Amino acid sequence: MISVGNGPINVFLWSQMHGDESTATQALFDIFNFLNGDQFINEKQQILNSLTLHFLPMLNPDGADYLADGAIAVGESGLMLQHIMKEKYIHNFLNPETFVDFRRYDFSDEVFKGLSIREEEDSDGDYAGEWFRRATYPTTEEYTNPDNVAANKVTPVTPVWWDE
């Protein structure tokens, strides 16, 4: 990290949080060149007296290496659904949309390379060896909307409408 100025207000500037976004790094170096240049001396002094600037160029430099990896950079002709879904999963793994994709493609090993059902130590459970396809109703819904829950409640491994 590079820090300049002695002002009471701290400003943090970083670039390449995502490794493939290099324009912000170029912009930081433009700021360095501006601060080091011979023009606008009074304006620069006013900025540095008002602010303390903290720069962190290339916060995630490995991201660019990741995108250049041959397993990732397969090219247009080599791009397959499995590559798209893998990258989507990496990006969205905490997002419910990822689970929707798993269901949509029927948990296919063709689409999700290396995907396998979790094997529990105690595989005698009610749904051992089966993919969960839907969430169960929360207890609050069972109390506040019992008629609807009773009419629609199914097991978590019951196929959703597009699987039937």
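Attention here is on the structure that accompanies the text. (Residues numbered from 1 in each chain as written. Predicted model: local features only at pLDDT ≥ 70, side-chain atom pairs only at ≥ 80, totals over all residues. Heavy atoms only, no water.)

1. Focus on unusual backbone geometry
Its identity is not glycine, yet aspartate 106 carries a phi of approximately 50°, on the positive side. Tracing the sequence through the fold places aspartate 106 in the loop between helix H5 (96–104) and helix H6 (139–144). The partly exposed category is assigned to aspartate 106, whose relative accessible area is 45%. A positive phi angle, near 55°, is found at phenylalanine 107, a position not held by glycine. Turning to its location among the elements, phenylalanine 107 is positioned in the loop between H5 and H6. Residue classification places phenylalanine 107 among the buried residues on the basis of a relative accessible area of 7%. (Helix = DSSP H or I, 4+ residues; strand = E, 2+ residues; numbered from the N terminus. Buried < 20%, exposed > 50% of the residue type's maximum accessible area, 1.4 Å probe, protein only.)

2. A word on the pattern of salt bridges
What the rule picks out here adds up to 3 salt bridges. For the salt bridge of arginine 133 with aspartate 106, the shortest nitrogen-to-oxygen distance reads 3.2 Å. Residue arginine 133 is located in the loop between H5 and H6, and its partner aspartate 106 is located in the loop between H5 and H6; the two are separated by 27 residues in the primary sequence. We classify arginine 133 as buried; its relative accessible area is 14%. Glutamate 142 is the salt-bridge partner of lysine 153, the closest N and O atoms lying 2.8 Å from each other. Within this pair, whereas lysine 153 is found in the segment after helix H7 (146–152), its partner glutamate 142 is found in helix H6, the two being separated by 11 residues in sequence. Glutamate 142 gets classed as partly exposed once you look at its relative accessible area, which sits at 29%. (Salt bridge = Lys/Arg side-chain N within 4 Å of Asp/Glu carboxyl O.)

3. Topic: the sheet that holds strand S1 (residues 2–4)
The mixed open sheet is built from 3 strands, whose spatial order is S1-S3-S2. Edge strands, defined here as strands with exactly one partner in the open sheet, are S1 and strand S2 (9–14). Across the sheet, the mean angle from the axis of one strand to that of its neighbour is 15°, orientation sign disregarded. When S2 meets strand S3 (residues 51–56), the two strands line up parallel, connected through 6 bridges. Bridge pairing in S3 links leucine 13 to phenylalanine 55. (Pairing = 2+ DSSP bridges. Axes fitted to C-alpha atoms, helices over the stretch in contact; angles between N-to-C directions.)

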